[in-house]
Amino acid sequence: DLVEQIKNHPDVELAWVWNRSDITGKVAKELILQDLSNCDYGNPDVIVEVAHPDISKQYGHIFLKHADYMMGSPTGLADPETETKLQKAATKHGVYIPSGAFWGGEDIRKMAERGSLKGLTVTMKKHPSSFKLNGSLAKINEGVKDSAVELYRGPVRGLCPLAPNNVNTMAAGAVAASNLGFDKTIGVLVSDPGLPDWHIVEVEVLGPQGPAGGQFTVRTQRMNPAAPGA
């Protein structure tokens, strides 16, 4: 796991570990942090979140007072208050977003910074059992039986609260597409019973129109083998 990888890395030292459940006996006592408000314990250079987007909402601005911050759950940035609070706090230290399963992020970031990125749509297709959804999407997904159903199509900002554990890839795309952001980056979520052991991520990028009216377009499809229900 992440703790063991850090401990075994020759160039990295582990300052502390916080977990939502009790980890006594699994991690050395002196490394267990009880209160995230004491995040300066051990003088960390980087704080890495891989727990839940609510961590960024409650503590992200505090983390940034003491260290750089890597958000493993970037769906938290879909909350405008959290996004603004972290932007204001990131003066001495920075916020980092892992690309994860988002393919082509660096090229999309460059297009966004040049102003040539005109559209971005990220489509995720999974088996119904692979989703952890909230609200109306959970009810729709429960009714998916034999054929694929499009659960959502619209701004990524609106999707993140409904699927905070499933659409971090889309959130990473919205961050890379800085000129579009969470409101103009489009997310499509498809529940497909015909994909018991695959997670599929499709990315469509739109750029400028040419002199003859054609539009620059790139489409990619990433197919990740996955255990049923993962």
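It should be emphasised that the depicted structure is a prediction, and the values quoted were computed from it without experimental measurement.

Trainee: Please explain a nonpolar patch on the surface as it appears in this structure.
Mentor: A cluster of nonpolar residues, Leu 2, Val 46, Val 48, Val 50, Met 70 and Tyr 96, forms a patch on the protein surface that exposes about 520 Å² of accessible area. Within the secondary structure, Val 48 sits in strand β1 (residues 46-49).

Trainee: I keep staring at the sheet that holds strand β3 (residues 95-96) and nothing clicks. Help me out?
Mentor: Backbone-to-backbone hydrogen bonds pair the strands of a sheet. The strands run either parallel or antiparallel. Spatial ordering of the open sheet is given by β1-β2-β3, a layout of three strands whose pairing is parallel. Each edge of the sheet is formed by a strand with only one pairing partner; in this case those strands are β1 and β3. Sheet analysis places β1 next to strand β2 (residues 68-71), joined by four bridges and oriented parallel. Across the sheet, Val 46 pairs through a bridge with Asp 68, a residue of β2.

Trainee: Hey, could you run me through the pairing of β1 in this one?
Mentor: On a regular strand, each side chain points to the face opposite its neighbour's, so the side chains alternate between the two faces of the sheet. Residues Ile 47 and Glu 49 point to one face of β1 and are all buried, whereas Val 46 and Val 48, pointing to the other face, are not buried. Each parallel crossover has a hand, and the one from β1 via helix α2 (residues 53-63) to β2 is right-handed.

Trainee: Looking at this structure, I do not really get helix α5 (residues 135-142). What am I missing?
Mentor: Side chains that are three or four residues apart share a direction in an α-helix, a result of its 3.6 residues per turn. Here α5 has its buried residues at Leu 137, Ala 138 and Asn 141. Projected down its long axis, α5 shows its buried positions confined to an angular sector of 100°, all on one face. In this structure, α5 carries Lys 139 and Glu 142 as exposed residues pointing more than 90 degrees from its buried face. Where α5 is buried, its residues touch β5 (149-155), α6 (156-159) and β6 (186-191).

Trainee: What am I meant to see in the pattern of salt bridges here?
Mentor: Should their charged atoms come close, side chains of opposite charge can pair. The final tally for this structure, using the stated rule, is eight salt bridges. Linking Lys 125 and Glu 202 is a salt bridge whose minimum nitrogen-to-oxygen distance equals 3.3 Å. On the criterion of sequence distance, the pair formed by Lys 125 in strand β4 (residues 119-126) and Glu 202 in strand β7 (residues 198-209) is long-range, its members being 77 residues apart. Judged by its relative accessible area of 24%, Lys 125 is partly exposed. Among the ionic pairs, Glu 204 bridges to Arg 219, the shortest N-O distance being 2.7 Å. With Glu 204 in strand β7 and Arg 219 in strand β8 (residues 215-225), the pair connects residues that are 15 residues apart, well separated along the chain. For Arg 219, a relative accessible area of 62% puts it in the exposed group. Linked by salt bridges that have partners in common, Glu 83, Arg 157 and Asp 183 make up one network.

Trainee: Would you mind going over the side chain of Arg 157 with me for this structure?
Mentor: Tracing the backbone shows Arg 157 in helix α6. Note on Arg 157: relative accessible area 17%, which makes it buried. Each residue touching Arg 157, except ones within four places of it in the same chain, is listed here: Leu 77, Ala 78, Asp 79, Pro 80, Glu 83, Phe 182 and Asp 183.

Trainee: Is there a simple way to think about the packing of aromatic side chains in this case?
Mentor: Using the criterion set out here, one finds two aromatic pairs in the structure. Ring plane angle 15° and centroid distance 6.2 Å describe the contact between Tyr 59 and Phe 63, whose orientation is recorded as stacked. Of this pair, Tyr 59 and Phe 63 both sit in helix α2, four residues apart, roughly one helical turn. The pair Tyr 59 / Phe 63 is uniform in exposure class, with both members buried. Between Phe 63 and Tyr 69, the aromatic rings sit 5.2 Å apart at their centres with planes inclined by 70°, giving edge-to-face as the arrangement. A relative accessible area of 0% places Tyr 69 in the buried class.

Trainee: Whenever I open this one, the packing of α2 against helix α3 (residues 80-89) confuses me. Can you help?
Mentor: The description of two packed helices rests on the angle between their axes and on the distance between the axes. Where α2 meets α3, the axes come as close as 9 Å, and the angle between the chain directions of the two elements is 15°. Between α2 and α3, the interaxial angle falls into the category roughly parallel. Crossing of α2 over α3 shows left-handed handedness. Between α2 and α3, the contacting residues are Ser 56, Lys 57, Gly 60 and His 61 on the first element and Thr 82, Lys 85, Leu 86 and Ala 89 on the second. Of the residues contributing to the contact of α2 with α3, the split by class is two nonpolar, four polar and two charged.

Procedures and definitions
- Residues numbered from 1 in each chain as written.
- Predicted model: local features only at pLDDT ≥ 70, side-chain atom pairs only at ≥ 80, totals over all residues.
- Heavy atoms only, no water.
- Patch = residues over 30% accessible without salt bridge, like charges linked within 9 Å, V, L, I, M, F, W, Y side chains within 5 Å.
- Areas by Shrake-Rupley, 256 points an atom, 1.4 Å probe, with all protein chains shown as cover.
- Salt bridge = Lys/Arg side-chain N within 4 Å of Asp/Glu carboxyl O.
- Helix = DSSP H or I, 4+ residues; strand = E, 2+ residues; numbered from the N terminus.
- Pairing = 2+ DSSP bridges.
- Buried < 20%, exposed > 50% of the residue type's maximum accessible area, 1.4 Å probe, protein only.
- Right-handed = clockwise from strand over helix to strand, strands pointing away.
- Arc of directions from axis to C-beta.
- Contact = heavy atoms within 4.5 Å.
- Phe/Tyr/Trp six-rings, centres within 6.5 Å; stacked < 30°, edge-to-face > 60°.
- Axes fitted to C-alpha atoms, helices over the stretch in contact; angles between N-to-C directions.
- Parallel < 35°, antiparallel > 145°, perpendicular 65-115°, else oblique.
- Left-handed = near helix turned anticlockwise from the far one by under 90°.
- Nonpolar A, V, L, I, M, F, W, Y, C, P; charged D, E, K, R; others polar.

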